[in-house]
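For reference, the chains in residue letters:
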Amino acid sequence: MSEKKPKIGVYVCHCGSNIAGMVDVEAVRDWAQAALGQDGVVVSRDYKFMCSSLGQELIEKDIQELGLERVVVAACSPHLHEKTFRTASERAGLNPYLTELVSIREQVSWVHTDKQVATEKSKALVSGAVHRVAYNTELQPLKVPINPNTLVVGGGIAGIQAALEIANAGFHVYLVEREPSIGGHMAQFDKTFPTLDCSACILTPRMVEAGTHPNITLLTWSEVISVSGYVGNFNVTIKKKARYVNEELCTGCGICVEKCPQKVIDDVYEAGLGYRKVIYTPFAQAVPKYPVLDRPNCTFFKNGKCKACEKFCPTNAIDFTQEDQYLNVEVGNIILATGYDLFDARRVTNYGYGRLPNVFTSLEFERMSNAAGPTGGEITLRDGKTKPETVGIIHCVGSRDKNFNNYCSSICCMQSLKFAHLVKERTGATVYEFYIDMRTPMKAYDEFYQRVLEEGTLFVRGKVAEVTNATHGPHEKGKLIIQVEDTLVGKQRRIPVDMVILSVGMEPRHDAKQVGQMFGISCSSDGWYIERHPKLDPVTTMTEGILIAGCASGPKDIPASVAQGAAAAARVLDKILQKEVELEPIRATVDESKCSGCRICNNLCPFNAISFLDDVGVTRINPALCQGCGTCVAACPAGAISGTGFSNEQIFAQIEGLLMGV
Amino acid sequence: MSEKPKFAMYWAASCGGCEISVLNIGEKILDVDAHFEPVFWPVAVDSKYKDVEAMEDGSILLTLWNGGIRNQENEHIAHLLRRKSKILVAFGSCATEGCVPGLANLYPVEEIFSTAYHTVSTDNPQGIHPQPVVQVPEGTLTIPAMNPVLKTLAQVVDVDYFMPGCPPEPHQIAAVIDLVIAVLEGKAQLPPKGAVIGAGNSTVCDECPRARNVKHITAFKRIQDVAPLDPTLCILEQGVPCNGPATRSGCNARCPRVGAQCIGCYGPAEGVLDYGARLITAFASVVDAKEPEEIEAILDGIPDPVGQFYRFNLADSLLRAGVPAWKKNGH
């Protein structure tokens, strides 16, 4: 470390009072100039907002006039402004990777309460960066071409929206849906809040458009089973499950469905409230129109007899010999719009779902209130005929509850209000809403709340303790009792009702984690996919080329899901139109002369960038796939793998700098 | 005769195996004699410290130093031989990285003494406890005082070359002697200062003939508990913690070839600063378990982590106190 030091400039940001309120910025500036002069610091400045154009110009001017060879900016997290300052350096002719950002906001001022300690820590961090940056090397971003095709996984409203936006812009989309039809949860609803639009009426035109669009290859009853490659160049294998219906011959006339003698309970689309045939389309407006044969329940597959569907099919489209097909597609970007699962209400045993017949889930109620649903839109008790006189709607079932999920599912208040309105409208029953807090923040939501209040729905603020059929006295006879503490009155109440609707929350898909692993993205502790930035980058992920939209990243209502679908599409179009993508040059590389082929790293890469070359017995890393996470760098026992930007020299120099004052 | 370049070899805190290994080079030892004049070599030549002190600085061409710096005497001679030698080679594991004597760095000196002199396995009826300075009727007796920790040679003086191995393999010693002779005859160049000589640049796996696959370790076992060991398959894959992946090549994979796991005597691979840390992350990376309890149970299969990961390298690891390990070589 005795060689000539590069000229380093240090810039300390006040961030208004965000940093300056807890760190003595001037002291850090002066100390850097005085104490780090021997380490190459030739100029040290502070500025109120370093990220402003004036702040950036300060750096650019110094690079040009003082001939700075390295820049250290002590400001906020690199997530926010690393790019800003690296670009500023680049404008002044300095390779952007010779600029380092030190977080003295997130890692110092926001987490400390003692100004002196915070100031000392800032000095140590700046010192670490100054020592480190001397070993930074000029790096060039990698450029790779972008395949203009896009894969959209999930055919709910978010996925449909994303697919249509991209297809309308003239690019090809593969839309993959694991159910027989696209439409998602929205296709199950009767009305949408707060406008009470008919859900099907606004959804089905989009479904039809997606189903017939020349730029969309619709693959329903299909699942992605493997993904390899990297942004711009993914290779995806899709399993197209056997429908036992030849799609080229089928006209969707529905005769096979009509003639099929076997009925089973439909616990997917009808939420268990109704039946479907063994060969079926989940609903009348399903897209595509081709039915699916449910093999495990089919009489022919079980007993070798029946074939009613085949006999009656006018176009000979039934094909019992059909097998699963595996398709390989190449795409440049992937949007995951995989949606959510409903919370299983059975888990809240004290609410009695599954045990007390007249306790319903929100989805059951959606199907019941749907004119095309199993009861033709009649709201009845489980016997299918009795109209309820009193209905209790319980909010936050499985949400905002430390026993289940801490988060708010965001749509349940509004869906519960919608239920109250529909119950009143269709039955005239007395309706109680049991809520913890009312959350009606979006456009026209609170107005709808006011409307439901005015309709005479009764609101009880309190978390329901129990729903029981253990009645006290004749006035409760035959009723379900809702035991609740009314926190506004400050009393325990027992409210007898005929019907209970549990407004269940949303949960990540049961297989979200495995799916995330397949696509190389991670889940939060709650299980939702993590966005690159929760506010500023909500539809991209830490893996380039993998985007998320809709409820895959957390509970959302329909407008938000649609907006995210469109946003993800815009990000993909942006990539496609650039024709090539620049990848961060922070990559791992294998020194093949040091690699002895021990294969310890071979199974570790979360991005599948590592391959083993059998013929020469060494491991190689695909630089376009590598995301620079460093897992293999740490694991390599021979020290044969190094991570650009994280060399031993850089790391040890940084530690040494950090510990300088200790 | 006096025209021959001078040669020295010294032993500090070591077992003597390095000397045996030098003699194990067979008739090559005659080449040493033909080209060098051994001036100081306690195991082979009768000469005194004062003879060395009397020599001109830089008058010894080549000194092979084995052993760690454990006491004041070791330290004194290290400085002395550094002054007198043109080329000082840290020879063998003790000198390069501390080796087994370096494991004593886990304990304070007093504890080492009490274990050596006052535990049940020691026959010491008079309760003798060595002191650096003792008054006896005849006067004052001194013996070299122990340092608080064992240091490697490079932690004490500037070292020109490093030759790993416990001990260095005879064929590697012979190759180094051939190289020095070639340099003397003007037929070769010395490697750059600070280089590792007499070893490979890769790891033991590179020289190991066993087949290797992607690793999924579900249990670590002692070698005697795996019966029989598959003779053609990677030992680590069979659950026996083999240090080969992290250990510098040069021994021709002696141990794995005969069905014993590598214990790491050739030290870290080129560019690796902390042998044990490398090996720990490597082993941790191939543990095939998800639940913390499961992982714990698998790791319990390594009952002596220091012995497994730092048997040779503790004194030279990042864990040691004092000078940061990345500032090696006495700087």
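Residues numbered from 1 in each chain as written. Chains lettered and ligands numbered in written order. Predicted model: local features only at pLDDT ≥ 70, side-chain atom pairs only at ≥ 80, totals over all residues. Heavy atoms only, no water.

**Comments concerning the side chain of Gln161 of chain A**
- Within the secondary structure, Gln161 of chain A sits in helix α6 (residues 157-168).
- Beyond its immediate stretch of four places on either side in the chain, Gln161 of chain A contacts Arg206, Val562, Gly565 and Ala566 of chain A. (Helix = DSSP H or I, 4+ residues; strand = E, 2+ residues; numbered from the N terminus. Contact = heavy atoms within 4.5 Å.)

**Some remarks on the sheet that holds strand β4 (residues 99-103) of chain A**
Residue and element names in this part refer to chain A.
- Read from one edge to the other, the open sheet built from four strands follows the order β2-β1-β3-β4, with strand pairing classed as parallel. Since the sheet does not close on itself, it has two edges, and those belong to β2 (41-47) and β4, each with one partner. Direction aside, the axes of adjacent strands within the sheet are offset by 15° on average.
- Along the sheet, helix α1 (residues 25-35) contacts β1 (8-13) and β2; its crossing angle with β2, the most-contacted strand, is approximately 170°.
- Strands β3 (70-75) and β4 of the sheet are contacted by helix α3 (residues 78-91), whose axis makes an angle of about 150° with β4. (Pairing = 2+ DSSP bridges. Axes fitted to C-alpha atoms, helices over the stretch in contact; angles between N-to-C directions.)

**Remarks on the sheet that holds strand β10 (residues 216-219) of chain A**
All names here are of chain A.
- Spatial strand order, β10-β7-β6-β18-β29: five strands in an open sheet with parallel pairing. Among the strands making up the open sheet, the edge pair consists of β10 and β29 (546-548). Pairs of neighbouring strands in the sheet enclose a mean axial angle of 20°, with direction left out of account.
- In terms of strand pairing, strand β18 (residues 333-336) meets β29 through three bridges, oriented parallel. Residue Ile334 lies in a different strand from β29, and its bridge partner there is Ile546.
- Here helix α15 (residues 558-578) sits on the sheet and contacts β6 (150-153), β18 and β29; the angle it forms with β18, its principal contact strand, is near 175°.

**Points about the nonpolar core**
Residues and elements named next belong to chain A.
- Membership of the largest hydrophobic core comes to 64 residues, with the highest contact counts inside it found for Ile335, Ile621 and Ile641.
- Here the element with the most residues in this core is α6; it accounts for eight residues.
- Among residues more than four places away in sequence, those in contact with Ile641 are Ala588, Thr589, Val590, Cys601, Ile621, Cys632, Val633 and Cys636.
- Ranked by size, the runner-up nonpolar core spans 38 residues in total, among them Val10, Val71, Val73 and Val130. (Core = buried A, V, L, I, M, F, W, Y, C linked by side-chain atoms within 4.5 Å. Buried < 20%, exposed > 50% of the residue type's maximum accessible area, 1.4 Å probe, protein only.)

**Considering the state of the cysteines**
Residue and element names in this part refer to chain A.
- By the definition in use, this model includes one disulfide over all chains.
- For Cys198, the disulfide goes to Cys201, at an S-S distance of 2.3 Å. On the sign convention where negative means left-handed, the S-S torsion of about 80° between Cys198 and Cys201 marks this disulfide as right-handed.
- For Cys198, a relative accessible area of 25% translates into the label partly exposed.
- Residue classification places Cys201 among the partly exposed positions, given a relative accessible area of 49%.
- Of the cysteine sulfurs around Cys250, a residue in no disulfide, the closest is that of Cys256, at 6.3 Å. (Disulfide = S-S within 2.5 Å.)

**Regarding the interface of chain B and chain A**
- Opposite the 26 residues of chain B that make contact, chain A presents 23 residues.
- Put simply, chain B and chain A have zero salt bridges between them.
- Summed over the shared surface of chain B and chain A, the result is 12 residue pairs in polar contact (both at pLDDT 80 or more).
- Residue assignment for the side of chain B that touches chain A shows that the elements contributing at least two residues are α9 (204-207) and α11 (275-285) of chain B.
- Residue composition of the side of chain B that touches chain A, grouped by class: 12 nonpolar, eight polar and six charged. (Salt bridge = Lys/Arg side-chain N within 4 Å of Asp/Glu carboxyl O. Polar contact = N/O pair within 3.5 Å; in protein donor to acceptor, adjacent residues only side chain to side chain. Nonpolar A, V, L, I, M, F, W, Y, C, P; charged D, E, K, R; others polar.)

**A few points about the domain arrangement of chain A**
- As assigned here, chain A comprises domain 1 (8-139), domain 2 (341-507) and domain 3 (584-644).
- One C-alpha centre belongs to domain 2 of chain A, the other to domain 3 of chain A, and the line joining them spans 55 Å. (Domains from an automatic or database assignment.)

**Side note on the packing of aromatic side chains**
- The full count for this structure, using the stated rule, is 21 aromatic pairs over all chains.
- Ring plane angle 70° and centroid distance 6.1 Å describe the contact between Tyr435 of chain A and Phe459 of chain A, whose orientation is recorded as edge-to-face. With a gap of 24 residues between them, Tyr435 of chain A in strand β22 (residues 430-435) and Phe459 of chain A in strand β23 (residues 458-461) connect regions that are remote in the sequence. For the pair Tyr435 of chain A and Phe459 of chain A, one class covers both residues: buried.
- Ring centres 4.9 Å apart and planes at 45° place the aromatic pair Tyr10 of chain B and Trp65 of chain B in the tilted group. (Phe/Tyr/Trp six-rings, centres within 6.5 Å; stacked < 30°, edge-to-face > 60°.)

**Things to note about the domain arrangement of chain B**
Residue and element names in this part refer to chain B.
- Taken domain by domain, chain B comprises domain 1 (6-101 + 148-184), domain 2 (112-146) and domain 3 (204-316).
- Contact residues are listed per partner, giving 17 residues for domain 1 and 15 residues for domain 3.
- Counting each side, the surface lost to burial between domain 1 and domain 3 is near 1100 Å², with a carbon and sulfur contribution of 49%.
- Of all residues in domain 1, the largest losses of buried area upon contact with domain 3 belong to Glu97, Pro164 and Glu169, amounting jointly to 48% of the total for that side.
- Taken together, domain 1 and domain 3 are joined by one salt bridge.
- For Glu169, the salt bridge goes to Arg254, with nearest N and O atoms at 3.2 Å. (Buried area = accessible area lost by both parts, 1.4 Å probe.)

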